[in-house]
Amino acid sequence: MDIAIINTWLITFEGKGLGIIQNGGIGVENEKISFVGKMEDFNSYKKADLIIEGNNTHVTMPGLINGHTHSALTLCRGTANDLPEIEYIPKGLGIFASHLKAEDIILGTKLAVLEGLKTGTTTFTEYGIGLLDIVKKVFLPFKARVVATEMISELNFNEEKKPNELYTFYKYLGTNAFKRAIRLYKEFKNNDLISVMYGPNALDMVSMEMIKNVKNQAAVDGTKIHMHIAQGGRERVQITKRYGKNMTAIKLLKKNGLLDPRLIAAHIHDTTEAEREQLVKKGVKMVGCPSSISKIDGMIPPLASYIKLGGNAALGTDEAPGTGHHNLFNEIKMASILSKVAFKDPTAMPPWESMKLATISGANVLGLGTEIGSLSVGKNADIITINLHHAHLTPIIHKPFINLIANLVYSSKGNEVDNVIIAGKPIIIHGKFREIDEDLIVNKANKRAQDLFENISEDWEKAGSKMVSYHKQGYI
Ligand SMILES: [Zn+2]
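Residues numbered from 1 in each chain as written. Predicted model: local features only at pLDDT ≥ 70, side-chain atom pairs only at ≥ 80, totals over all residues.

Caption draft 1: Focus on the overall build of the protein. Scanning the protein from N- to C-terminus turns up 18 helices and 17 strands. For the protein, the C-alpha radius of gyration of 22 Å lies close to 23 Å, the compact-globule estimate for 476 residues. The principal-axis extent of the C-alpha atoms belonging to the protein is close to 70 × 50 × 50 Å. Here the protein holds 476 residues, and 50% of them are scored as buried. (Helix = DSSP H or I, 4+ residues; strand = E, 2+ residues; numbered from the N terminus. Rg over C-alpha atoms; globule rule 2.2 N^0.38 Å. Buried ≥ 20, exposed ≤ 12 C-beta atoms within 10 Å, placed from the backbone.)

In structure tokens form, the structure reads like this:
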């Protein structure tokens, strides 16, 4: 046995409820889980190369699954806050993001993955441009599991766009991105730690012809399609201008035969209940990013509605400038709390539902449900432990019922995670990275962002966003 975690609470996400086991143990051998159960049945742990003692003050659970993230933008954290949605990109984030060079994208991704790992994420669904390089320079050396999605877009992001004018599609941009996506798939199709999806960005950013090409390729390669869908005002204006007055994102996808179980729909906050019902019926999966959508759009992703309709959903952190973080414990909490607000119902999205979004349900959305997302013998050993010995997680009671899940969802901050194992490899042990130099990355990121943004004051002030007025008033 390679690793044994002993004397721990287990949340297995298998069987009844969340499959909680008190005073349990878990064994890891050859990248897989080799034992899960009560300590009284786990004598073989003594032969393990590495034994992690839980002292029954720890909980052990599957590593968290981030279903949608753009880590590349993490060097722009904190640059676009409290802005009207219409200003967010052109007058806020876009001004900073346009200065990022290839090496800044690598550094930003490292920062995001570092934060994710520290707060218990073991699978990152990364959506961006130039994923081949990013996977080779960040995810492979960090030994993190990634679902890599090359963004396929036909927009020239450097071209100024007026919200009420139809965007121009440039076919060659889409073709080049599609080629990069196919190359990414071919490079990693046999890699256990890396999966690839195809990512036509959104209905207002890529032509229907290209989306259909992508769909055909996904069917040949047996991959999923990951797309931003029904994101609100900007997209709706473009869809009606291009495809007709009464057209919506869901109607358009349906008309073109694009609603099927291969499709993962990110966001979908601009949908009706009837449209969501159609998505669920067709087996479309959903990813919701509660912090990002509430903070950028002032809306709540319809996660609770999707689950209620019988759909499958995952959670994502989206991008740090929007969300503020890549900490899934925060998203789990936000999913529960915001759903209660959306439904005006304190029983909406109970903590066990939001926990499932970031574990077994998230794994099912990504098509990885037989490999990760729960603690079960034979599954990949993606495991985290959480130290419960903190004032804010105390007390843990088990009579008359177990308050563990509620405390983890409503009270944890993510920094209680103290061991992280991915595919049987110890990444963080007793709170310390085994191979990654955390300080070096944090120091480098601070210095680089300060240098990078030092000379953009004039452009930023000229853009005249609401943030400029906050700055003039001395708030930021
Ligand atoms: Zn996104």
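Caption draft 2: Structural view of the pairing of strand β5 (residues 58-62). Within β5, five of the five residues are buried, which leaves it mostly tucked inside the rest of the structure. In the sheet, strand β1 (residues 3-11) pairs with β5 via two bridges, with the strands oriented parallel. Directly across from W9, in β5, lies its bridge partner V59. Across five bridges, β5 lies against strand β14 (residues 383-387) in antiparallel orientation. In the strand pairing of β14, P62 is matched with I383. (Pairing = 2+ DSSP bridges.)

Caption draft 3: Representation of the domain arrangement of the protein in the model. When cut into domains, the protein gives domain 1 (3-62 + 374-433) and domain 2 (64-358). Centre-to-centre, using C-alpha coordinates, domain 1 lies 30 Å away from domain 2. Taken together, the 20 residues of domain 1 in the interface contact 22 residues of domain 2. Of all the secondary-structure elements, those providing two or more residues to the side of domain 1 that touches domain 2 are α15 (404-411), β15 (417-422) and β16 (425-429). (Domains from an automatic or database assignment. Contact = placed C-beta atoms within 7 Å.)

Caption draft 4: Highlighting the packing of helix α2 (residues 102-118) against helix α16 (residues 438-453). Where α2 contacts α16, the axes come no closer than 10 Å and their chain directions differ by 135 degrees. Looking at the two axes, α2 sits oblique to α16. Judged by the twist between their axes, the crossing of α2 over α16 is left-handed. Where α2 abuts α16, its residues D104, L107, K110, L111 and L114 lie against E438, I441, K444, A445, R448 and L452. (Axes fitted to C-alpha atoms, helices over the stretch in contact; angles between N-to-C directions. Parallel < 35°, antiparallel > 145°, perpendicular 65-115°, else oblique. Left-handed = near helix turned anticlockwise from the far one by under 90°.)

Caption draft 5: Main features of the nonpolar core. Formed by 135 residues in total, the largest nonpolar core has its most connected members in A265 and A313. Three or more residues apiece are contributed to this core by two domains, here domain 1 (3-62 + 374-433) and domain 2 (64-358). Excluding residues within four positions of it along the chain, A265 makes contact with M227, I229, L279, V284, K285 and M286. (Core = buried A, V, L, I, M, F, W, Y, C linked by C-beta atoms within 7 Å.)

Caption draft 6: Examining the packing of helix α3 (residues 131-142) against helix α4 (residues 171-188) more closely. Two elements in contact, α3 and α4, have axes whose closest approach is 9 Å; the angle formed by their N-to-C orientations is 35 degrees. Touching L131, L132 and V135 of α3 are R180, R183, L184, E187 and F188, all from α4. A breakdown of the residues in the contact of α3 with α4 according to their chemical character gives five nonpolar, no polar and three charged. (Nonpolar A, V, L, I, M, F, W, Y, C, P; charged D, E, K, R; others polar.)

Caption draft 7: Examining the environment of L18 more closely. By the element assignment, L18 lies in the loop between β1 and β2 (20-29). Spatially, the C-alpha atom of L18 lies 9.0 Å from that of I405, the residues being 387 residues apart in sequence. The contacts of L18, once residues within four sequence positions are left out, are I11, F13, W352, M355 and I405.

Caption draft 8: Representation of the environment of T123 within the structure. Inspection of the secondary structure puts T123 in strand β7 (residues 121-128). C-beta crowding within 10 Å serves as the criterion here: with 30 such atoms nearby, T123 is assigned to the buried category. In contact with T123, not counting residues within four places along its chain, are G63, I65, N66, R145, V147, I372 and D382.

Caption draft 9: Geometry of unusual backbone geometry. The amide bond that connects T394 to the next residue, P395, takes the cis arrangement and shows omega of 5 degrees. Residue placement: P395 occurs in the loop between β14 and α15. Cis geometry marks the peptide bond from K399 to P400; its omega dihedral reads 0 degrees. By the secondary structure assignment, P400 is in the loop between β14 and α15. A positive phi angle is found at N56, which is not glycine, with a value near 55 degrees. By secondary structure assignment, the location of N56 is in the loop between β4 (50-53) and β5. Its identity is not glycine, yet A423 carries a phi of approximately 50 degrees, on the positive side. Of the residues examined, A423 has 21 C-beta atoms within 10 Å and is grouped as buried.

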